[in-house]
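# Examining the three-dimensional arrangement
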Amino acid sequence: MRKAALMVLGVVFTIAAMADTKPNAATYVPAADVDATLKKAPPSAVSDQPIRMVDAGGYNVGVAVVSRPRTSKQGAPVFHEKVAEIYHVIAGSGTLVTGGTLENPKPRPVDATEVSQINGPSVTGTAVHGGETRQIKAGDVVII
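Residues numbered from 1 in each chain as written. Predicted model: local features only at pLDDT ≥ 70, side-chain atom pairs only at ≥ 80, totals over all residues. Heavy atoms only, no water.

Attention shifts here to the pattern of salt bridges. Considering all chains together, one arrives at 2 salt bridges under this definition. A salt bridge links glutamate 132 to arginine 134; the shortest N-O distance between them is 2.8 Å. Overall, the relative accessible area of 47% leaves glutamate 132 in the partly exposed class. (Salt bridge = Lys/Arg side-chain N within 4 Å of Asp/Glu carboxyl O. Buried < 20%, exposed > 50% of the residue type's maximum accessible area, 1.4 Å probe, protein only.)

Attention shifts here to the nonpolar core. Formed by Tyr87, Val89, Leu96, Ile136 and Val142, the largest nonpolar core amounts to 5 residues. Per-element tally for this core: the top contributor is strand 6 (residues 83–98), with 3 residues. Non-local contacts of valine 142, meaning those with residues more than four positions away in its chain, are made with Glu85, Ile86, Tyr87, Leu96 and Ile136. (Core = buried A, V, L, I, M, F, W, Y, C linked by side-chain atoms within 4.5 Å. Helix = DSSP H or I, 4+ residues; strand = E, 2+ residues; numbered from the N terminus. Contact = heavy atoms within 4.5 Å.)

On to unusual backbone geometry. For asparagine 104, which is not a glycine, the phi torsion comes out positive at approximately 55°. With respect to the helices and strands, asparagine 104 occurs in the loop between strand 7 (101–103) and strand 8 (106–107).

Let us now look at the sheet that holds strand 9 (residues 122–124). If you trace the 3 strands from one edge of the open sheet to the other, you get 5-9-8, paired in antiparallel fashion. What marks the edges here is a single partner per strand, and that holds for strand 5 (78–80) and strand 8. Relative to strand 9, strand 5 runs antiparallel, the two sharing 3 bridges. Along strand 9, the bridge assignment pairs phenylalanine 79 with valine 123. (Pairing = 2+ DSSP bridges.)

Written as structure tokens, this is what we have:
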């Protein structure tokens, strides 16, 4: 998956498998928590900041704020092995590439912050071949 081109700000809900436990009935994430998370990163920085990880009964559901400022350098494409993602774009627009095949795939180290705290096991590459490119904008929701 690759995000680029224009400023994109979204809330990501990730779902990852885990052991069976009793799930929470509901979890509320107030706008103030989203705003506070946004303030942690400088406006010109790429940010992928988790807010909550919730036990959903057999799955963890994570809520994070993702920001890709217009001036940021496009990162390497990445495939998350055990995570489904739901992006709700709340401001800006950009280009999202999904699917396809990673060129020069390389697993992220298990001790990398992205693996241990954000997305779980993932593979990065230098390019994507045969992916689907779409423009996304504020209000759009994408499930990956």
